[in-house]
Amino acid sequence: YEETICEISTDKIDTDLPSPVAGRLAEILVEVGATVDVGTVLALLATDARPGEAHASESADTPPTSEAAAAQGDTPAQATPTPATEPGTATPDDAPVKPARDARRYSPVVQRIAAEHGVDLERVEGTGRGGRVRKQDVVAFLENGHVAPSEPPMHIESPYRPDPDVPTAARPAAAPAGATLSRMRRAIGAHMKHSLDTAATCTTWIEVDFSGLEAARERAGITALPYVAEASIGALRELPALNATLEGEDYAQYDAVHLGIAVSLGEDGLIVPVIRDAQDLSAEGLSKRIRDVARRARSKQLVPDEVNGGTFTITNPGQYGSIMATPVINQPQVAILDLEAVVKRPVVITDAAGHDSIAIRPMCILGLSWDHRALDGALAAQFLAAVKRRIEAL
């Protein structure tokens, strides 16, 4: 029960489909990689036995009692069935036997998460039936500090790149020439091309002194992103024309800020989970929510509703030192904010008496890509100025 039986990939999200009942996989009805409509029956699950007893379906004379597992979501999906679990053997006292350590089996999802974070699965205590290691066990293992991998960037444009000090031989081999793109990568390409073909995209930049922000985040022990998000939300409440969507000729402004945060999935692509009613959260609250959706995005625990309905998006590619970019608007939104690297530079500052001097300050360039069909340059500049004012007031 609740063990992953297949992976489903749509044009919006990749997710694991847990078993709705206890039993075993009796029949796979959809081929791996096939595209099917929502509601299509993917497999049959035999449910005709109690723990420690043989299933009636193992007898040639008895048809299995079955439940159907079906594709979920709001778009056609691709199914990737996982291997069926081997039948267990009952002990004399009818208690299920926990498999030997050298005979443990892991689902593809568990193996992928472990490989991405360098986890030795033999060290992970499984909480599934018979001691099976589930993806929740691996995530908990990581969160408990057993492994401290570097966080992939939250970035909407390019995939995660390994740290430069990792030996070349340790990096994954390049895909062979002529290899096809993944479904998610194809979907990303289609969405980005659609955005560029649809929106009259312009980009405006502003330079911001992060001195107060850097001090505040060090005190709070969080990153700069939640503070930039908080400042952006305040600016959106001040200038709601940017907290909006444009579909065809239908332009809509929103009171609530449903904030999209671009999260890299490494070579698998990227996803933009949405933090709903973000205007009700402090910087610390935003930090917790951002970490939560990022973690669940990377472990494929998001549901379709968590990647829909955004009104404004922030992307954060500056973690690799880039200082300026032109992000692609996340349709049907009308603007996206780009957070670049914080770099110490000499700048001219003016004191209260009007005297100028040169000082070293942590500076950051924020970029705003916006849709000229819905907005004008003056409004985009006013928004960036409002974000700058709020950040520099920290």
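Look up: the structure comes first, before these words.
Everything numeric here is computed off the predicted structure, so don't read it as measured data.

Before we go on, may I ask you to explain the overall build of the chain in this structure?
Regarding its fold elements, the chain presents 7 helices and 17 strands. Buried positions account for 43% of the 394 residues belonging to the chain. Taking all contacts inside the chain whose residues are at least 6 apart in sequence as the whole, residues at least 24 apart take part in 63%. Approximately 20000 Å² of the chain is accessible, and the part contributed by carbon and sulfur atoms is 53%.

Teacher, can you tell me more about the environment of R289 here?
Tracing the sequence through the fold places R289 in helix 6 (residues 283-298). With 13 residues separating them along the chain, R289 and R276 place their C-alpha atoms 9.9 Å apart. What R289 contacts, discounting residues up to four positions off in sequence, is I275, R276 and L281.

Got a minute to help me understand helix 7 (residues 377-392) in this structure?
Because each turn of an α-helix spans 3.6 residues, side chains separated by three or four positions end up pointing in the same direction. Helix length check: helix 7 (16 residues) gives 22 Å between terminal C-alpha atoms against 22 Å at 1.5 Å per residue, within 8%. For helix 7, every residue scored as buried is listed here: A380, F383, L384, A386, V387 and I391. Down the axis of helix 7, the sector holding all buried residues measures 155°, keeping them to one side. The inward-facing, buried residues of helix 7 contact strand 8 (201-209), helix 4 (211-220), helix 5 (225-238), strand 15 (312-315), strand 16 (335-350) and strand 17 (356-371).

It is not clear to me how the sheet that holds strand 16 should be interpreted in this structure. Could you clarify?
Two modes of strand pairing occur in sheets, parallel and antiparallel, and in both the strands are linked by backbone hydrogen bonds. Pairing in this open sheet of 6 strands is mixed, and the strands run 8-17-16-15-11-14 from one edge to the other. Single-partner strands in this sheet number two, and they are strand 8 and strand 14 (274-275). Pairing of strand 16 with strand 17 involves 14 bridges; the strand directions are antiparallel. Paired with T350 across the bridge in strand 17 is D356.

Honestly, the pattern of salt bridges in this entry has me stumped. Any pointers?
Close approach of charged atoms allows side chains of opposite charge to pair. As enumerated under the stated definition, the model contains 11 salt bridges in all. Residue E207 is joined to R345 by a salt bridge in which the shortest nitrogen-to-oxygen separation is 1.9 Å. Pair noted here: E207 is in strand 8 and R345 is in strand 16, with a separation of 138 residues, a long-range link. Because the salt bridges share partners, they merge into one network encompassing D292, R295, R296 and E306.

How should I be thinking about helix 5 in this particular structure?
With 14 residues, helix 5 ought to run about 20 Å at 1.5 Å a step, and its terminal C-alpha atoms sit 20 Å apart, in line with that. Summarising burial for helix 5: 11 of the 14 residues are buried, a large majority. L225, P226, Y227, V228, A229, A231, S232, I233, G234, A235 and L236 are the residues of helix 5 that are buried. The inward-facing, buried residues of helix 5 abut helix 4, strand 11 (259-261), helix 6, strand 15, strand 16 and helix 7.

In this structure, what is going on with the packing of helix 5 against helix 6? I would like to understand it.
Each pair of packed helices can be summarised by the angle the axes make with each other and by the distance between the axes. In the contact formed by helix 5 and helix 6, the axes pass within 8 Å of each other and the chain directions differ by 115°. The two elements helix 5 and helix 6 cross, and the hand of that crossing is right-handed. Contacts from L225, P226, Y227, A229, E230 and I233 in helix 5 reach A283, E284, L286, S287 and I290 in helix 6. For the contact of helix 5 with helix 6, the class distribution of residues is 8 nonpolar, 1 polar and 2 charged.

Looking at this structure, how should I read unusual backbone geometry?
Most peptide bonds take the trans configuration, and most residues that are not glycine carry a negative phi. Look at the link from Q331 to P332: it is a cis peptide, with omega at 5°. Note that P332 resides in the loop between strand 15 and strand 16. The backbone of K300 sits at a positive phi, close to 60°, despite the residue not being glycine. When you line up the elements, K300 lands in the loop between helix 6 and strand 15. A relative accessible area of 12% places K300 in the buried class.

Just to check I follow, could you spell out the nonpolar core for this structure?
One broad trend across soluble globular proteins is that nonpolar side chains are buried collectively. Counting 59 residues, the largest nonpolar core has L366, L368 and F383 as the members making the most contacts within it. For this core, the leading source of residues is helix 5, giving 8 residues. Ignoring any residue separated from it by four or fewer positions in sequence, one finds L368 in contact with C202, T203, T204, L242, F312, A335, I336, L337, A380, F383 and L384.

Mind showing me how you'd approach a nonpolar patch on the surface here?
The grouping of W205, I323 and M324 at the surface amounts to a nonpolar patch, some 290 Å² of accessible area in total. Here M324 shows up in the loop between strand 15 and strand 16. Accessibility expressed as a relative area gives 45% for M324, which makes it partly exposed.

Explain the packing of aromatic side chains to me, please; I cannot follow it from the model alone.
By convention here, two paired aromatic rings are described through the distance between centres and the angle between planes. Here the structure, examined in full by the defined rule, presents 1 aromatic pair. An angle of 55° between the planes, with centres 5.6 Å apart, marks the rings of F312 and F383 as tilted. On the criterion of sequence distance, the pair formed by F312 in strand 15 and F383 in helix 7 is long-range, its members being 71 residues apart. For F383, a relative accessible area of 0% corresponds to the buried category.

Please explain the side chain of D209 as it appears in this structure.
One can find D209 in strand 8. By relative accessible area, D209 is classed as buried at 18%. Reaching out from D209, the side chain makes a polar contact with the side chain of S211 at a distance of 2.6 Å.

Cut-off values and rules
- Throughout this document, residue positions are counted from 1 along each chain, in the order its sequence is written.
- Residue-level local features of this predicted model are given only where pLDDT is at least 70; pairs of side-chain atoms are given and counted only at 80 or more, and the full residue set underlies all totals for whole chains, interfaces and linings.
- Side-chain metrics rest on all non-hydrogen atoms present in the structure, leaving aside hydrogens and water.
- Secondary structure elements are taken from DSSP: a helix is a run of H or I of four residues or more, a strand is a run of E of two residues or more, and numbering for both begins at the N terminus.
- Under the scheme applied here, a residue whose accessible area is under 20% of the maximum for its type counts as buried, over 50% as exposed, and between as partly exposed, the area being computed with a 1.4 Å probe on protein chains only.
- In this description, contact between two residues means that some pair of their heavy atoms is separated by no more than 4.5 Å.
- Only the protein chains shown count as covering a residue, and every accessible area follows the Shrake-Rupley method with a 1.4 Å probe.
- Between the first and last residue of a helix there are one fewer steps than residues, each counted as 1.5 Å, and that sum is the expected span.
- In this description, the arc belongs to the directions extending from the helix axis to the C-beta atoms.
- Strand pairing follows a simple DSSP-based rule, namely that at least 2 bridges must link the two strands.
- In the sections that follow, a salt bridge refers to a side-chain nitrogen of Lys or Arg positioned within 4 Å of a carboxyl oxygen of Asp or Glu.
- Angular values range over 0 to 180 degrees, each being the angle between N-to-C directions of two axes fitted as lines to C-alpha atoms, with helices fitted over their stretch in contact.
- Handedness of a helix crossing follows the sense of rotation of the near helix relative to the far helix, less than a right angle counterclockwise being left-handed and clockwise being right-handed.
- Here the term charged refers only to Asp, Glu, Lys and Arg, the term nonpolar to Ala, Val, Leu, Ile, Met, Phe, Trp, Tyr, Cys and Pro, and the term polar to all other amino acids, Gly among them.
- Residues belong to one nonpolar core when they are buried, are Ala, Val, Leu, Ile, Met, Phe, Trp, Tyr or Cys, and are joined through side-chain atoms within 4.5 Å.
- Within the patch definition used here, like charges are joined within 9 Å and nonpolar side chains (Val, Leu, Ile, Met, Phe, Trp, Tyr) within 5 Å, considering only residues with over 30% relative accessible area and no salt bridge.
- For this analysis, a ring pair means two rings from Phe, Tyr or Trp (six-membered ring only for Trp) whose centres lie within 6.5 Å, classed as stacked if their planes differ by under 30 degrees, edge-to-face if by over 60, and tilted for the remaining angles.
- Polar contact criterion, stated in full: a pair of N or O atoms within 3.5 Å, where within protein one must be able to donate a hydrogen and the other to accept it, and residues adjacent in sequence count only if both atoms are side-chain atoms.

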